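Okay, here's what each chain looks like letter by letter:
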Amino acid sequence: MVVQDSVEEGNTRMGVQLEPFLHQVGGHLSVMKYDEDTVCKPLVSQEQRFYESLPLAMKRFTPQYKGTITVHLRKDSLGHLSLVANPLKENQGPLNVPSGSAAVAMWQKLQQTTSSGGGAGPLSQWQHAQLAHSLKESPATEYLRSEFHLSTHVSSLVEDAKENQDERRSFNPWGLHCHQAHLTRLCTEYPENKPYRFLLLENVVSQYKHPCVLDLKMGTRQHGDDASEEKKARQMTKCAQSTSACLGVRVCGMQVYQTDKKHFLCKDKYYGRKLSVEGFRQALYQFLHDGTRLRTELLGPIRCQLQALLLVIRSQSSYRFYSSSLLIIYDGQEPLERAPGGLHPQEAPQTTHGSSPRGFPKVDIRMIDFAHTTYKGSRNEHTTYDGPDPGYIFGLQNLIQILQDIQE
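Residues numbered from 1 in each chain as written. Predicted model: local features only at pLDDT ≥ 70, side-chain atom pairs only at ≥ 80, totals over all residues. Heavy atoms only, no water.

## Observations regarding the overall build of the chain
A count of helices and strands for the chain gives twelve helices and 14 strands. As displayed, the chain has an accessible area near 18,400 Å², and 48% of this comes from carbon and sulfur atoms. (Helix = DSSP H or I, 4+ residues; strand = E, 2+ residues; numbered from the N terminus. Areas by Shrake-Rupley, 256 points an atom, 1.4 Å probe, with all protein chains shown as cover.)

## Things to note about helix 11 (residues 299-314)
In a regular helix each residue adds 1.5 Å, so 16 residues correspond to 22 Å; helix 11 covers 22 Å between its end C-alpha atoms and thus fits that length. By the criterion of burial, helix 11 is predominantly enclosed, with twelve of the 16 residues buried. Every buried residue of helix 11 is listed here: Leu299, Gly300, Pro301, Ile302, Arg303, Gln305, Leu306, Ala308, Leu309, Leu310, Val312 and Ile313. Each element contacted by the buried residues of helix 11 is listed here: strand 11 (320-321), strand 12 (325-331), strand 13 (363-368) and helix 12 (390-407). (Expected span 1.5 Å × (residues − 1). Buried < 20%, exposed > 50% of the residue type's maximum accessible area, 1.4 Å probe, protein only. Contact = heavy atoms within 4.5 Å.)

## Some remarks on the packing of aromatic side chains
Here the structure, examined in full by the defined rule, presents 15 aromatic pairs. Ring-pair connections join several aromatic residues into one group, and the members of that group are Phe50, Tyr51, Tyr65, Tyr319, Phe321, Phe370, Tyr375 and Tyr392. Across the ring face of Tyr322, the terminal group of Arg221 is positioned such that the distance to the ring centre comes to 3.9 Å. In this structure, Lys267 is placed above the aromatic ring of Tyr271, and the distance from its NZ or CZ to the ring centre is 4.4 Å. (Phe/Tyr/Trp six-rings, centres within 6.5 Å; stacked < 30°, edge-to-face > 60°. Lys NZ or Arg CZ within 6 Å of the ring centre and 35° of its normal.)

## Thoughts on the sheet that holds strand 3 (residues 32-35)
On the basis of which strands lie adjacent, the open sheet formed by seven strands has the order 1-6-5-7-4-3-2 and antiparallel pairing. Each having just a single partner strand, strand 1 (16-17) and strand 2 (19-20) make up the two edges of the open sheet. Pairing of strand 2 with strand 3 involves two bridges; the strand directions are antiparallel. Looking at the pairing, Pro20 lines up with Met32 of strand 3. Along the sheet face, helix 1 (residues 45-52) touches strand 4 (38-42), strand 5 (65-75) and strand 7 (196-202) and points at about 150 degrees away from the line of strand 5. The sheet strands contacting helix 6 (residues 173-189) are strand 2, strand 3, strand 4, strand 5, strand 6 (81-85) and strand 7, and the helix crosses strand 6 at an angle near 90 degrees. (Pairing = 2+ DSSP bridges. Axes fitted to C-alpha atoms, helices over the stretch in contact; angles between N-to-C directions.)

## Let's talk about the packing of helix 11 against helix 12
Taken N-terminus to C-terminus, the directions of helix 11 and helix 12 make an angle of 160 degrees; their axes are 10 Å apart at the nearest point. Judged by the angle between their axes, helix 11 and helix 12 are roughly antiparallel. Both helix 11 and helix 12 take part in a crossing whose hand is left-handed. Along the contact surface, helix 11 presents Leu299, Gly300, Ile302, Arg303, Leu306, Gln307, Leu309, Leu310, Ile313 and Arg314, while helix 12 presents Tyr392, Ile393, Leu396, Gln397, Leu399, Ile400, Leu403, Gln404, Ile406 and Gln407. Here the residues of the contact of helix 11 with helix 12 are counted per class, giving 13 nonpolar, five polar and two charged. (Parallel < 35°, antiparallel > 145°, perpendicular 65-115°, else oblique. Left-handed = near helix turned anticlockwise from the far one by under 90°. Nonpolar A, V, L, I, M, F, W, Y, C, P; charged D, E, K, R; others polar.)

## Let's talk about the environment of Leu309
Turning to its location among the elements, Leu309 is positioned in helix 11. In this structure, the C-alpha to C-alpha distance between Leu309 and Met367, residues 58 residues apart in sequence, is 9.5 Å. Beyond its immediate chain neighbours, meaning those up to four positions away, Leu309 contacts Phe61, Leu326, Ile365, Met367, Tyr392 and Leu396.

## Some words on the pattern of salt bridges
Overall, the coordinates contain nine salt bridges when judged by the stated rule. In this structure, the salt-bridge partner of Arg295 is Glu297, at a minimum N-O distance of 2.4 Å. Like Glu297, Arg295 is buried. A single salt-bridge network, built from bridges that share partners, covers Lys41, Glu47 and Asp369. (Salt bridge = Lys/Arg side-chain N within 4 Å of Asp/Glu carboxyl O.)

And the structure:
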């Protein structure tokens, strides 16, 4: 673990410009890209304590924790807003973001559009295919529709930023939405040059060319022990009106690479909240469909890792993972070789986490978001629970069963 505290907080000129993380499919806090292997997110002390006291058995199913950094909000001469982090190592020179970085260039172009368009939010410039049919919806819903593809406007921004079709295909609007909301909040609520602390975490999709990501909100309860009565009631209503109550799991966002159209199909949390039990099954099916066929070879490896996670959760007494998510990840265009010994890919045993024997598809299962996780010995705990988390276990069991039904 490396914790960067040695660089003076006011010295950001030699810092690392954080990029919007374009594979964020869910959540509301902005996740930023620090480098190819590392992302960062605003620090919540309860989540930091969780990572620092993480049980060994759970490390296989969580992103590697890399410490914390200090971050400042910066505005350049053109008025572009960005977040700049102090270098991870004291003697490290500036990690300059290449001028051709699609994420940074696209974000700056969106800001230019804002400044020249009468002050409208950058995301309000995005035109989706069904926008003409959504005039009765709120402005927020217009650009957060449950299904959307790259618009011509945003596609051109990415192409202008970097002439690379892979970058164009790798764009999910949700990450920029969270980034915009975060910067807006910082600009309006906090003084300029105020230092912020961010958590550094492993980028769990860095090794995938076209990462297909499913973000699942786990458990039958989402509010933490410290939630206000208002927030508690709000979260309980969301659970009751979604599959969280009856299945212990709901879709919080996803992106699926469509090999026939060469782009991602994206769904957001608003889509997930409206799903019925049958709709949830269909969403899982869609997550495993590449536009031309169902990726049946993924079902065995995913179920195998979920079963292993279930055993780990059952062994963790007093833990309650309120409002945490589970990521299921695979590559949308991974070449599948013939399995050794003629075995069907679904019969493949998983080896170390995130790896698989040669010839079998690689899948990854990761738990994330622990800002409301509580356990015996955690500081400021309001309640101590006995035994493993029943809501999380209920959700895992139903998820495994539904995947088995799809396989059969």
